[in-house]
Amino acid sequence: MPSPARLAELRDLGSPSAAARAGAEFGRETHFAADLLRVRPWLSPDTPGRELPGHLLAEEWTGFLALLGEPGPWVYASSVSDLQRLLGSYAQLAATQASAPGGAGEAGAGSLLGRLGYAPTPERLSLEVGFWALAAGLAEARRASRRRG
């Protein structure tokens, strides 16, 4: 079984046409829009998944659209180093399977823990919150940089 902490999908969004292709390809994927919008309160929560890559390109400039593992989150990162930071944070959460066993519990809708089939523990909940905080911080920094420059 493949590790849940690997790149399952990766697209370079370097142009409007690349964004349109990614939107057409992934726009209807489970969790696609919800994951990307979750950390971007400046975008309308009703933004269709098909249109989302174009908005990311416009707001945050070029970057990498990735799915971190089959059950994992969709992310948009401006650089390889940011993508590595997100993957590392997610890998910490995925690695808790061995250290804190348990089946799927009351992890909540849209929870990474629920997607991984992990019971919520304080450590796991903290790691999930940390992952989303990192993703939000990177998105906001890139948006702010784009607005300045």
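Scroll up to find the structure.
The structure contained in this document is the topic of the report that follows. Quick caveat: nothing in here was measured; it's all calculated off a predicted structure. (Residues numbered from 1 in each chain as written. Predicted model: local features only at pLDDT ≥ 70, side-chain atom pairs only at ≥ 80, totals over all residues. Heavy atoms only, no water.)

1. With respect to the overall build of the chain
For the chain, the helix and strand inventory stands at 7 helices and 3 strands. Along the chain, from the amino end to the carboxyl end, the secondary structure elements read β-α-α-α-β-β-α-α-α-α. Out of the 149 residues belonging to the chain, those deemed buried represent 44%. Look at the contacts in the chain between residues 6 or more apart in sequence, and 56% of them connect residues 24 or more apart. Surface exposure of the chain reaches about 7500 Å², of which carbon and sulfur atoms provide 54%. (Helix = DSSP H or I, 4+ residues; strand = E, 2+ residues; numbered from the N terminus. Buried < 20%, exposed > 50% of the residue type's maximum accessible area, 1.4 Å probe, protein only. Contact = heavy atoms within 4.5 Å. Areas by Shrake-Rupley, 256 points an atom, 1.4 Å probe, with all protein chains shown as cover.)

2. Quick look at the sheet that holds strand E1 (residues 7-13)
Pairing between the strands of a sheet comes from backbone hydrogen bonds, and it takes one of two forms, parallel or antiparallel. The 3 strands are arranged E1-E2-E3 in an open sheet whose pairing can be described as antiparallel. Only two strands of the sheet have a single neighbouring strand rather than two, namely E1 and strand E3 (74-77). Direction aside, neighbouring strands of the sheet carry axes that sit 20° apart on average. In this sheet, E3 lies alongside strand E2 (residues 63-68) in antiparallel orientation, the contact comprising 4 bridges. Paired with Leu67 across the strands is Trp74, a residue of E3. (Pairing = 2+ DSSP bridges. Axes fitted to C-alpha atoms, helices over the stretch in contact; angles between N-to-C directions.)

3. Some remarks on the environment of Pro71
Locating Pro71 in the fold gives a position in the loop between E2 and E3. Sequence-wise, Pro71 and Arg115 are 44 residues apart; in three dimensions their C-alpha atoms are separated by 5.5 Å.

4. Some words on the packing of aromatic side chains
Tallied over the full model, the rule gives 5 aromatic pairs. Relative to Phe131, the ring of Tyr90 lies with its centre 6.2 Å away and its plane at 65°, an arrangement referred to as edge-to-face. Note that Tyr90 is positioned in helix H4 (residues 80-94) and Phe131 in helix H7 (residues 122-148), a separation of 41 residues in sequence. Residue classification places Tyr90 among the buried positions, given a relative accessible area of 0%. Judged by relative accessible area, which is 0%, Phe131 ranks as buried. Three or more aromatic residues joined by ring pairs form one cluster here, namely Phe26, Phe32 and Trp74. (Phe/Tyr/Trp six-rings, centres within 6.5 Å; stacked < 30°, edge-to-face > 60°.)

5. Details of the side chain of Arg115
Positionally, Arg115 belongs in helix H6 (residues 112-116). We classify Arg115 as buried; its relative accessible area is 17%. Excluding anything up to four places from it in sequence, Arg115 contacts His31, Asp35, Pro71, Gly72, Pro73 and Gly110.

6. As for the pairing of E2
In terms of burial, E2 is a largely internal element, 6 of the 6 residues being buried. Where E1 lies against E2, 6 bridges are found, and the strand directions are antiparallel. In the sheet register, Arg11 faces E2, and the bridge partner there is Leu65. Linkage of E2 to E3, two consecutive antiparallel strands, is achieved through a turn of 5 residues, within which Gly69 is found at a positive phi near 80°.

7. Section: the nonpolar core
Core analysis: the largest hydrophobic core is formed by 22 residues, its most contacted members being Leu68, Val75, Leu83, Leu86, Tyr90, Leu93 and Phe131. Broken down by secondary-structure element, the contributors of at least two residues to this core are E2, E3, H4, H6 and H7. The element that contributes the greatest number of residues to this core is H7, accounting for 6 residues. Ranked by size, the runner-up nonpolar core spans 18 residues in total, among them Ala22, Leu36, Leu65 and Tyr76. (Core = buried A, V, L, I, M, F, W, Y, C linked by side-chain atoms within 4.5 Å.)

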